[in-house]
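# Descriptive structure summary
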Amino acid sequence: MCTSRRQPDNHKVQQINKAEATDQEFFIGSIQTENHEQPVSQINAVEAKKEKWHESLIINKKVLKVRLDTGADCNVISMGDLRKLRLDKKVSRSYSKLVAYSGQQIQTKGKIVLTCQYKDKTYDMEFEVIKSKAPAILGGESCEEMGLVKRLHVLKTETDILEEYEDLFTGLGCLPGLYHIKTDPKVSPVVHAPRKVPVALKDKIETELKRMESLGVITKQTEPTEWVNSMVTVTKPNKVRICIDPQDLNTAIKREHYPLKTIEEVVAEMPNARYFSVLDANHGFWQIQLDEESSHLCTFNTPFGRYRFNRLPFGISSAPEVFQRCIARHLEGLEGVVNVIDDILVWGESIEQHDRRLRKLLERIRSINLKLNKSKCKIRMTEITYIGHVLSEKGLKPDPEKVRAIQNMPAPEDKAALQRFTGLLQYLSKFIPNLSDISAPLRKLEGNMEWHWGAEQQQSFDKLKALVSQAPVLKYYDVNKPVTLSVDASSEGLGAVLLQEGQPVAYGSRALTDCQKRYAQIEKELLAIVFGCEKFHQYLYGRHVHVESDHKPLEVIFKKSLLSAPARLQRMLMRLQKYSLEVQYKPGKEMHVADALSRACLKEHRETLLDEELEVNYINHQLPVSEEKLLEFKNATAEDSELRLVAKAIQSGWPEKQSQLPDTIKQYWTFREELACEDGLIFKNSRLVVPRTMRSEMLRKIHESHLGIVKCKERARDVLYVTHTKTIIPKSLLFHIQFLREHGKK
């Protein structure tokens, strides 16, 4: 990945990001030249523009020409180049994810260690092997190791400032003062019973609890408390994240209102600003200490007893406003410092003024014991975005990102696609002047006329897209008015539109990855909400948001406990905990804008909406089942006619009424939103649904321990779901008792 700024030419630069799925988690970010950010360490940019950087390596007495790419985090070789080397080595399995700059994932065939000779020296280098035809790439780390590039520290001032305050990037901070969570006494407290966790996770959970206790984030709770929340775990191959599900508690919490600044107010505070830095707090909520009473409200159950949070936990509905207000209070009086959404912004008219103000800000941050996330801090930028606008040295201008999904929308290729676009236009018709005249060439194709997309239609289409992307159709965001997020998911992509008073404020769309295309419909629809919230984060964070979705089961999901949702939905719901959302069902025929965006989406997926690539062998970690037995479950599920119908309903979406289901699966209707398909298996929450042909065997194995009826049921419910369990288990026990009697045992 070349970090130099590129000129528009025909040279195709391969950019690759690598995220280890088994050993380590990386934050990888390329330098965005359109934001004019300059890297701290860079190769000579002028030379990089003039020519491609190549070098020749000797491998197995053969020459391999490699491209030197200082921005790439790994070395890459194609299968074609690897075959030419004629090595007697096998390609081993790789869990790495390679991502091009556009967001497109590059499929890997595995990895291999190659012995490379360069200038009489030998190096063992690991290469990711890809199927596609592409030049071999030598990443930045290998380039440095072999002495092929030298890092030049150009912006020493910036690094010097951050190095002076290195202590701000280590450990967990604690802001002065205690926060008190205000609750409504009319709401009755709720105590959630302990939830069992998979045996395979117990050690990891215990380790994480001890770590959090050592940091002072949580403490053991032995006395009874009025409120007890459920514990939620987010698992990754190398770590476990522990949160609480405060859904019931949130209904009792009185939220504090912290008004978002208007764009006019922000601009007024920074006249003539030319340089900006944005600082991000590390585990921001955990740096706010709770008072004793509030800490008891955040008690939660674990397999190792009860704990309570001493710091503000993630998921508390009032947390965003509390954090923003707290930061604003502690930074009050600093010149050139603005609290923007969930970040801290410092600006200056010149480099010298900016650096002076940045140092004063860092001094204040040190004095209040706030810790920062260095990887997410952006220093000395020449422009930033704020609720639909770009603030730069050239002044204020609209953010092109909020209309890119419309402006880059592809032209319709058939009548169905055209009808979706005209449906979007009809929804916005009262805001579009002369719509009938401008859209006349498109309407010609809607009748019985043969499909022919010509220059006249393209001109009309382009003009209408331009009108939909600007005032008066596009509304300026008003921080004081209610906001609605309308989302939709198609088989190929996601669409989202932000609305105020029925008028669009910003548009967004993206393609689904190959993996996401295999999601069940409910998972795609929830992923659309995740995309919309993260796409329009600056507009929605700290506000109550009405969400429109044409998938009715999502209404139920958002009202139920987090733990009642299937595993993948839980992970998405965890990402949404920082937002205050109210999901409302709206028929698809009324959601013209979101529907059109999802079906004519941008062919990219830059955002990482769900770290599913990191969930390696997720099912195997959760279930105490051998690989052989897991394969048996998969085969039996595939052959089970009842479960095939259930899987079809999950994947394509359940009908609106139970009566529309086949009789054999009507029993699944009442808990349909708790069902999920994962890797050829069906789950009810975290429990495996047992195929009919394996039910007797599974129940027999449960009874082998000679437990009573109640214990047998408890053991079964931990990991398995068997329909009609109440009648099956007692009958099975009767057979078991009869067998024992026949062999002379009491």
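Residues numbered from 1 in each chain as written. Predicted model: local features only at pLDDT ≥ 70, side-chain atom pairs only at ≥ 80, totals over all residues. Heavy atoms only, no water.

## Focus on the packing of helix α12 (residues 415-427) against helix α15 (residues 455-468)
Packed helices, taken two at a time, are described by the angle between their axes plus the distance between the axes. Running from amino to carboxyl end, α12 crosses α15 at an angle of 40°, the nearest separation of the two axes being 12 Å. Relative to α15, the element α12 is oriented oblique. Considering only the axes of α12 and α15, their crossing is left-handed. Facing F421, L424 and L425 of α12, the residues of α15 in contact are F461, L464, K465 and V468. Taken together, the residues of the contact of α12 with α15 sort by class into 6 nonpolar, no polar and 1 charged. (Axes fitted to C-alpha atoms, helices over the stretch in contact; angles between N-to-C directions. Helix = DSSP H or I, 4+ residues; strand = E, 2+ residues; numbered from the N terminus. Parallel < 35°, antiparallel > 145°, perpendicular 65-115°, else oblique. Left-handed = near helix turned anticlockwise from the far one by under 90°. Contact = heavy atoms within 4.5 Å. Nonpolar A, V, L, I, M, F, W, Y, C, P; charged D, E, K, R; others polar.)

## Considerations on the sheet that holds strand β21 (residues 343-348)
Strands sit in the order β20-β21-β16-β22 across an open sheet of 4 strands; the sheet is antiparallel. What marks the edges here is a single partner per strand, and that holds for β20 (337-340) and β22 (378-381). The average angle at which neighbouring strand axes cross in this sheet is 20°, direction not considered. Bridge count for β20 against β21 is 4 bridges, and the pairing is antiparallel. When the bridges of β21 are listed, V337 appears paired with V346. Packed on one face of the sheet, helix α10 (residues 351-367) meets β16 (275-279), β20, β21 and β22 and runs near 145° to β21. (Pairing = 2+ DSSP bridges.)

## As for the environment of E523
Counting through the fold element by element, E523 comes out in helix α17 (residues 521-535). Separated by 153 residues in sequence, E523 and A676 have C-alpha atoms that sit 8.8 Å apart. Beyond its immediate sequence surroundings of up to four residues, E523 is in contact with R568, L569, M572, A676 and C677. A distance of 2.9 Å separates a polar atom in the side chain of E523 from the backbone nitrogen of A520. (Polar contact = N/O pair within 3.5 Å; in protein donor to acceptor, adjacent residues only side chain to side chain.)

## What to know about the packing of aromatic side chains
Applying the stated criterion across every chain yields a total of 10 aromatic pairs. Here the aromatic rings of F300 and F309 are separated by 5.3 Å at their centres, their planes lie at 40°, and the arrangement is tilted. Ring centres of W453 and F461 lie 5.8 Å apart, and the angle between their planes is 80°; on these two criteria the pair is classed as edge-to-face. Note on F461: relative accessible area 1%, which makes it buried. Through a chain of ring-to-ring contacts, the aromatic side chains of F421, W451, W453 and F461 assemble into a single cluster. A cation over a ring is seen here: R241 above F314, with NZ or CZ 4.8 Å from the ring centre. A cation sits over an aromatic face here: R672 above W669, 3.7 Å from the ring centre. (Phe/Tyr/Trp six-rings, centres within 6.5 Å; stacked < 30°, edge-to-face > 60°. Buried < 20%, exposed > 50% of the residue type's maximum accessible area, 1.4 Å probe, protein only. Lys NZ or Arg CZ within 6 Å of the ring centre and 35° of its normal.)

## Some details on the UniProt feature "coiled-coil region" (unreviewed entry) in the chain
The UniProt record annotates "coiled-coil region" (unreviewed entry) at residues 351-378. In this annotation, residues 351-378 is assigned 61% helix and 4% strand; the end-to-end C-alpha distance for the span is 15 Å. (UniProt positions renumbered as here; feature names shortened; annotations may be inferred.)

## Overview of the packing of α12 against helix α21 (residues 592-599)
Between α12 and α21, the least distance of the axes is 8 Å, while the angle of their chain directions is 150°. The angle between the axes of α12 and α21 places the two elements in the roughly antiparallel class. Between α12 and α21 lies a crossing of left-handed hand. Contact with α12, carried on its side by R420, G423, L424 and Y427, involves H592, V593, D595, A596 and R599 of α21 and no other residues of that element. Of the residues contributing to the contact of α12 with α21, the split by class is 4 nonpolar, 2 polar and 3 charged.

## Remarks on the sheet that holds strand β28 (residues 503-511)
With mixed pairing, 5 strands are arranged side by side in an open sheet as β28-β27-β26-β29-β30. Single-partner strands in this sheet number two, and they are β28 and β30 (580-585). Strand-to-strand twist in this sheet, taken as the mean axis angle between neighbours without regard to direction, amounts to 20°. The pairing of strand β26 (residues 483-489) with strand β27 (residues 493-500) spans 6 bridges and is classified as antiparallel. Paired with D488 across the bridge in β27 is G495. Against the sheet, α17 contacts β26, β27, β28, β29 (544-549) and β30, and its axis sits at roughly 140° relative to β26.

## What to know about unusual backbone geometry
Most peptide bonds are trans, and most residues other than glycine sit at a negative phi. Cis rather than trans, the peptide bond between A471 and P472 has omega equal to 5°. Mapped onto the elements of the fold, P472 is located in the loop between α15 and β26. Positive phi values are uncommon outside glycine, yet D120 reaches one of about 65°. Mapped onto the secondary structure, D120 falls in the loop between β8 (108-118) and β9 (121-130). Relative accessible area serves as the criterion here: at 75%, D120 is assigned to the exposed category. Positive phi is not limited to glycine here, since N434 has a value of about 55°. On the secondary structure map, N434 appears in the loop between α12 and α13 (435-438).

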